[in-house]
Amino acid sequence: MAFTDREDDVSLHEMDNANEILLTPQRNSYLPRLYDYVLVADKMEDMEDQTFKKQDAFIGELKRKNIKVTRIDNDGKVFFGICAPEEMFAKYKYLLKVSDSCNWSGEQKCEKSVSFCTRIRIVHFVLNNTFIGSGESLDELLCQGAFESIFCLHEKKEQKKLRKKWASWLSVMKLFNQPVSDVKDYFGEKVALYYLWLGWYTRMLIPAAVIGIVVFLYGLAFFNTSPLIHEVCDSDTIMCPRCDIRCNVWNLSDTCTYAKVSQLFDNEGTVAFAMFMAIWATLFFEVWKRHRSLYVSKWKVFDWCEEEEELILEIVNNPQCKPKEFRHSYLRSIVVLLLVTLVLVVIIGVTHALVICRVLTAILLSQSDWHFLRDHATTIAMMTGAVLHYITIQIMTRVNKIVAFKLCEFEKTRSFAATEKRFTVKMFTFQFFTLFSSLFYVAFFLGRINGYPGNYVRIAGKWRLEECHPSGCLTDLFIQMAVILVLKQTINNIFEFTVPWLKLCFRRTKAKTMRRKCGSCYRKAFRCDQCNLHNWLANYELNDVNSFSLFNEFLEMVLQFSFTTIFVAAFPLAPLLALINNIFEIRLDAIKMVSLERRLVPKKTNDIGVWNAILQAVGVMAVIANGLVIGITSDFIPRLVYRYHYGPCAVSNSTNLDCMTGYINNTLATAFMSNKRVQSDFKLLITDDGYNVTECSYKDYRSDEDQSLTSQFWLILALRFAFVILFEHVVVMCKFIAAWFIPDNPIRVKNDRLNDKLRRLKKELQEANANYDSRSTEV
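In this report, the structure presented in the accompanying data block is examined. In this convention, every chain numbers its residues from 1, walking through the sequence in written order. In view of the model being predicted, local features appear only for residues whose pLDDT reaches at least 70, and side-chain atom pairs are presented and counted only at 80 or more, with totals across whole chains, interfaces and linings using the full set of residues. Side-chain descriptors were evaluated using all non-hydrogen atoms of the structure, hydrogens and water having been removed beforehand.

**Some thoughts on the overall build of the chain**
Step number 1: Put simply, DSSP H or I for four residues or longer makes a helix, DSSP E for two residues or longer makes a strand, and each gets a number counted from the N terminus. When its secondary structure is counted, the chain shows 27 helices and 16 strands.
Step number 2: Categorising residues by exposure relies on relative accessible area from a 1.4 Å probe, with only protein chains included: less than 20% of the type maximum marks a residue as buried, more than 50% marks it as exposed, and the intermediate range marks it as partly exposed. Each of the 779 residues in the chain was classed as buried or not, and the buried ones make up 52%.
Step number 3: A separation of at least 24 residues holds for 78% of the contacts in the chain among residues at least 6 apart in sequence.
Step number 4: In short, Shrake-Rupley with a 1.4 Å probe defines the accessible areas, and a residue's cover is counted only from the protein chains shown. Accessible surface computed for the chain: about 37,100 Å², of which carbon and sulfur atoms make up 60%. Residues are treated as being in contact if the distance between any of their heavy atoms lies within 4.5 Å.

Structure follows, in structure tokens:
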């Protein structure tokens, strides 16, 4: 049955479950004094101004759609209260009933869904699809200045309820008891699913954090008894200079503290932990799908279809509408792919710039007159590079967002949902490369492409690349991750909450003054314009939100999930830091969303969308990256080779020595000053009597005579790649088994849906029989 704007098109619709008649409200039927949206514009005196004409034309278009508009002037601003007719929502209810977008076995739920939350979503769609005579939409009018902003109103009763149960610091301990159904009723399914996912992710971090602590304590338990630490701390080995200018030879024992830190994070326990986290990521995703299905089935949106919902809203807005057809241009896709590649190349170029900054910082620090800076130049340079990386992340986040928006505009997607999906993929890709490019360099290239004495690799032929510590490169990766993770979580959360809170303090002072002015009817059900203005201003002064506000929260958490899983072998305490952060993150986001920001537009959905695919991709990358970190970055394989092939336990039956005794010396090669190429690199070591040392050591598997790679190097390299392949195949097989073993939907959900469908079919059959009997009686 088609709906039109004519008054005589009022019809009766029979509800499935309640044996009641749904009477479509008559034209001009509104809920008393209930406003769905508020438009704000600057007050204009010149009626001939083009901006005023566009503003007036848009308001006229709303009135032609039978939408009630109330205007209130205040201090140079004009507020337009938008109130849609009940007829609009009755159309939506009927179309929803005859579609597959709702599980109509639960009619009461579906009927309840047309609440103020659903009203906002419908009116939002109508407003954004209203065009003036020149073809301009509301978004374009906002950009042109015809309107300043648009927002929907908080419901004070529901807002107070959420603030008491959820959005307060007193609820911080209710980590596993979030009122997600109440959140769904107020903010919509999309926001509720975000908090449901975040709560489940935080809960699943508990076992990961516990095992990470155990791995850390395992390294701590052998802190004082490890022969590797004693070998470094008691060594008298002379090491080659780290730089060319004002750097001298140094004793390996000078880096005793560094060796102890390396032992905490580079031990046998990290291998098992990395494998556990790779499987954990799969279990998290599979069990999340089951957890989600319980709630979407309860909310009666299990069979919800985005395309059908969009068609329903299109018809409600314009009964004569035509469908927005799907289109695809291979030319545009190729151009976008090339542009995305170009952006990624630029991001990688920024990473190279950070590497150069780190090298130059180490050189400058090594030339310092302060003895402490000279001795710890490499470590300080690494930490400085991590801080610079964090600053780069903050800058590139804004740049990436602009670029991703422009690329989505170029693609010309058919709907906002399609735009949001493509924007999400592009933005996450850009942020992932921005965040992890430097980490990939530290993990897989640092200390492996820097050359050796007599043949150092130099930037622009001048500056030597960085080197790893003789105890391994994993500590450098740990430092980089720890600095970025701590800074990112701490500083972001402080700014994310403090700025809106300060703005709220300023607003409260203003609101109290206005409340005194409106005290005569402040608590009445039917308020005067001044009281409505008070409520509008209270919402107007809150921090603005947009369609991508929730995206920002999701992006932050998924990037944290990536941090927690991809390089967790280098930082077993990452899940613990993520757990602590998320306990406060849930409450920060809830308080900000309920009390400090304007109300988000509720959106219906039954899943977290494209984020599912991104989480799966992160899980695969976690397997690959952790396998490479253990096999390539850590010293796990070289230690195994030494223990069973070159160490004292392999060459003799003596049990007096630890099997790892002599490992550090085994990893060092010797450079002789008599070599002319070595002389060219260490010119500053020349004294009046000749060289002040005759030889120095460096970390590499090279021959002392001709500096060629030894057979031990090739054996270790072969075993490294063999381990990576074996690790990835075993973990991937475990992931597939876990995914197969755990069904996406619990049996309870399947049986409930089966029974619901059966009841619906029986009811429809009963109605059909009743109609047939009535016609037979009439005949």
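So that's the structure; there's more coming.
**Remarks on the state of the cysteines**
Step number 1: Cysteine sulfurs are considered disulfide-paired once they come within 2.5 Å of each other. This structure, assessed with the given rule, holds three disulfides.
Step number 2: Here Cys240 engages in a disulfide with Cys696; their sulfurs sit 2.0 Å apart. The S-S bond linking Cys240 to Cys696 shows a torsion near 85°; that makes this disulfide right-handed. Of this pair, Cys240 sits in the loop between strand 7 (238–239) and strand 8 (250–251) while Cys696 sits in strand 16 (residues 695–699), and the two are 456 residues apart along the sequence.
Step number 3: With a relative accessible area of 1%, Cys696 lands in the buried category.
Step number 4: The partner cysteine of Cys649 in its disulfide is Cys659, sulfur to sulfur 1.9 Å. Taking the sign of the S-S torsion, about -90° here, the bridge from Cys649 to Cys659 comes out left-handed. Of this pair, Cys649 sits in helix 23 (residues 648–651) while Cys659 sits in the loop between helix 23 and helix 24 (663–666), and the two are ten residues apart along the sequence.
Step number 5: For Cys649, a relative accessible area of 30% translates into the label partly exposed.

**Thoughts on the nonpolar core**
Step number 1: Buried residues of nine kinds, namely Ala, Val, Leu, Ile, Met, Phe, Trp, Tyr and Cys, make up a nonpolar core once their side-chain atoms join them within 4.5 Å. Judged by nonpolar contacts, the single largest core of 144 residues is most densely connected at Phe187, Trp197, Leu477 and Phe567.
Step number 2: The element best represented in this core is helix 8 (residues 189–221), accounting for 16 residues.
Step number 3: If sequence neighbours within four positions are ignored, Trp197 has contacts with Phe284, Trp288, Phe554, Met557, Val558, Ile608 and Leu615.
Step number 4: Within the second largest apolar cluster, 34 residues are counted, among which are Ile59, Tyr92, Phe116 and Leu141.

**Some details on helix 1 (residues 50–64)**
Step number 1: Here a helix's expected span is defined as the number of its residues, less one, multiplied by 1.5 Å. Between its terminal C-alpha atoms helix 1 stretches 21 Å, which fits the 21 Å expected from 15 residues at 1.5 Å a residue.
Step number 2: Taken residue by residue, helix 1 has Phe52, Gln55, Phe58, Ile59 and Leu62 as its buried positions. The arc enclosing the buried residues of helix 1, seen along the axis, measures out at 130°, which places them on a common side. Those residues of helix 1 that are exposed and aimed more than 90 degrees away from the buried face are Gln50 and Arg64.
Step number 3: Buried residues belonging to helix 1 abut strand 3 (37–42), strand 4 (68–74), strand 5 (77–83), helix 4 (116–128) and helix 5 (138–144).
Step number 4: Measuring from the side-chain oxygen of the N-cap residue of helix 1 to the backbone nitrogen of Thr51 gives 2.8 Å; that N-cap residue is Asp49.
Step number 5: Trailing helix 1 by a residue or two, Asn66 shows a phi angle of about 70°, which is positive. Throughout, the arc means that of the directions going from the helix axis to the C-beta atoms. Under this definition, polar contacts are N or O atom pairs within 3.5 Å; protein pairs additionally need one hydrogen-donor-capable and one acceptor-capable atom, and for neighbouring residues in sequence, both atoms have to be side-chain atoms.

**Quick word on the environment of Arg71**
Step number 1: Relative to the helices and strands, Arg71 resides in strand 4.
Step number 2: Residues Arg71 and Val38, spaced 33 residues apart in sequence, show a C-alpha to C-alpha distance of 9.7 Å.
Step number 3: Here Arg71 is in contact with Val78, Phe79 and Phe80, once residues within four sequence places are set aside.
Step number 4: A distance of 3.1 Å separates the side chain of Arg71 from the side chain of Asp73, its partner in a polar contact.

**Examining the sheet that holds strand 6 (residues 149–152)**
Step number 1: Pairing between two strands requires that DSSP report at least two bridges joining them. Within the open sheet, the four strands sit side by side as 4-5-3-6. Their pairing is antiparallel. One side of each edge strand has no neighbouring strand; the edge strands of this open sheet are strand 4 and strand 6. The sheet shows a mean angle of 20° between the axes of neighbouring strands, direction not considered.
Step number 2: One ladder, built from seven bridges, connects strand 4 with strand 5; its direction is antiparallel. Its bridge partner being in strand 5, Asn74 is matched across the sheet by Lys77.
Step number 3: Note on definitions: angles span 0 to 180 degrees between N-to-C directions of axes, and those axes are lines fitted to C-alpha atoms, for helices only across the stretch in contact. Strands strand 3, strand 4 and strand 5 of the sheet are contacted by helix 1, whose axis makes an angle of about 160° with strand 3.

**Observations regarding the packing of aromatic side chains**
Aromatic ring pairs are reported here in terms of the distance separating the ring centres and the angle at which the planes meet.
Step number 1: Stacked, edge-to-face and tilted labels apply to pairs of Phe, Tyr and Trp rings (six-membered ring for Trp) whose centres lie within 6.5 Å, assigned for plane angles under 30 degrees, over 60, and everything in between, in that order. A full pass over the atoms with the stated rule returns 42 aromatic pairs.
Step number 2: On the basis of an interplanar angle of 70° and a centroid distance of 6.3 Å, the ring pair of Trp197 and Phe284 is categorised as edge-to-face. With Trp197 in helix 8 and Phe284 in helix 11 (residues 268–298), the pair connects residues that are 87 residues apart, well separated along the chain. This pair shows no difference in class: Trp197 is buried, exactly as Phe284 is.
Step number 3: Seen from the ring of Phe410, Arg332 lies directly overhead, with NZ or CZ sitting 5.0 Å from the centre.
Step number 4: Sitting over a ring, as applied to charges here, requires NZ of Lys or CZ of Arg to be within 6 Å of the ring centre and within 35 degrees of the ring normal. Lying over the aromatic face of Tyr186, Arg599 brings its terminal NZ or CZ to 3.9 Å of the ring centre.

**As for a negative patch on the surface**
Step number 1: Each patch is built from residues lacking any salt bridge and having more than 30% relative accessible area; the joining distance is 9 Å for like charges and 5 Å for nonpolar side chains (Val, Leu, Ile, Met, Phe, Trp, Tyr). Definition used for salt bridges: Asp or Glu carboxyl oxygen within 4 Å of a side-chain nitrogen of Lys or Arg. In summary, the charge assignment counts Lys and Arg as positive and Asp and Glu as negative, without counting His or the chain termini. In this description, the location of a charge corresponds to atom NZ of lysine, CZ of arginine, CG of aspartate or CD of glutamate. Residues Glu695, Asp704, Glu705 and Asp706 make up a contiguous surface patch of negative charge.
Step number 2: As for its position among the elements, Asp706 is in the loop between strand 16 and helix 26 (711–741).

**Section: the side chain of Ser235**
Step number 1: Among the secondary structure elements, Ser235 is positioned in the loop between helix 9 (227–233) and strand 7.
Step number 2: The class of Ser235 is buried, set by a relative accessible area of 11%.
Step number 3: Among all residues touching Ser235, those that are not within four sequence positions of it are Asn251, Leu252 and Ser253.

**Describing the side chain of Ser634**
Step number 1: Residue position: Ser634 is located in the loop between helix 21 (611–633) and helix 22 (636–646).
Step number 2: Classification of Ser634 as buried rests on a relative accessible area of 3%.
Step number 3: Setting aside its immediate chain neighbours within four residues, Ser634 contacts Asp266, Leu474, Val629 and Arg720.

**Let's talk about the packing of helix 13 (residues 330–366) against helix 15 (residues 377–411)**
Step number 1: Where helix 13 contacts helix 15, the two axes come as close as 9 Å, and the packing angle between them is 165°. Taken together, the axis directions place helix 13 and helix 15 in an arrangement best described as roughly antiparallel. Taken as a pair, helix 13 and helix 15 cross one another with a handedness that is right-handed.
Step number 2: Split into classes, the residues belonging to the contact of helix 13 with helix 15 amount to 20 nonpolar, seven polar and three charged. Each angle receives one of four descriptions, namely roughly parallel if under 35 degrees, roughly antiparallel if over 145, roughly perpendicular if within 65 to 115, and oblique otherwise. A clockwise turn of the near helix away from the far one marks a right-handed crossing, whereas an anticlockwise turn of less than a right angle marks a left-handed crossing. Each residue receives one of three labels: charged for Asp, Glu, Lys and Arg, nonpolar for Ala, Val, Leu, Ile, Met, Phe, Trp, Tyr, Cys and Pro, and polar for the others, Gly being one of them.

**Details of unusual backbone geometry**
Step number 1: One non-glycine residue, Asn66, lies in the positive phi region at around 70°.
Step number 2: Among the secondary structure elements, Asn66 is positioned in the loop between helix 1 and strand 4.
Step number 3: Backbone geometry at Gln707 places phi at a positive 60°, although glycine is not the residue there.
Step number 4: Tracing the sequence through the fold places Gln707 in the loop between strand 16 and helix 26.
Step number 5: For Gln707, a relative accessible area of 3% translates into the label buried.

**Looking at the pattern of salt bridges**
A side chain with one charge can pair with a side chain of the opposite charge if their charged atoms come near.
Step number 1: All chains considered together, the criterion is met by 30 salt bridges.
Step number 2: Its salt-bridge partner being Asp73, residue Arg71 comes within 3.1 Å of it at the nearest N-O pair.
Step number 3: The partner of Lys289 in a salt bridge is Glu286, and the shortest N-O contact between them spans 3.3 Å. Highlighted residues: Lys289 and Glu286, both in helix 11, separated by three residues, approximately one helical turn.
Step number 4: On the basis of relative accessible area, Lys289 is assigned to the buried category, the value being 18%.
Step number 5: Overall, the relative accessible area of 6% leaves Glu286 in the buried class.

**Thoughts on the environment of Asp589**
Step number 1: The residue Asp589 is located in helix 20 (residues 574–596) in this model.
Step number 2: We classify Asp589 as buried; its relative accessible area is 1%.
Step number 3: Separated by 394 residues in the primary sequence, Asp589 and Tyr195 have C-alpha atoms spaced 9.3 Å apart.
Step number 4: If we skip the residues at most four places from it in the chain, Asp589 touches Tyr194, Tyr195, Leu198, Glu496 and Glu553.
Step number 5: Within polar-contact distance, the side chain of Asp589 engages the side chain of Tyr194 at 3.0 Å.

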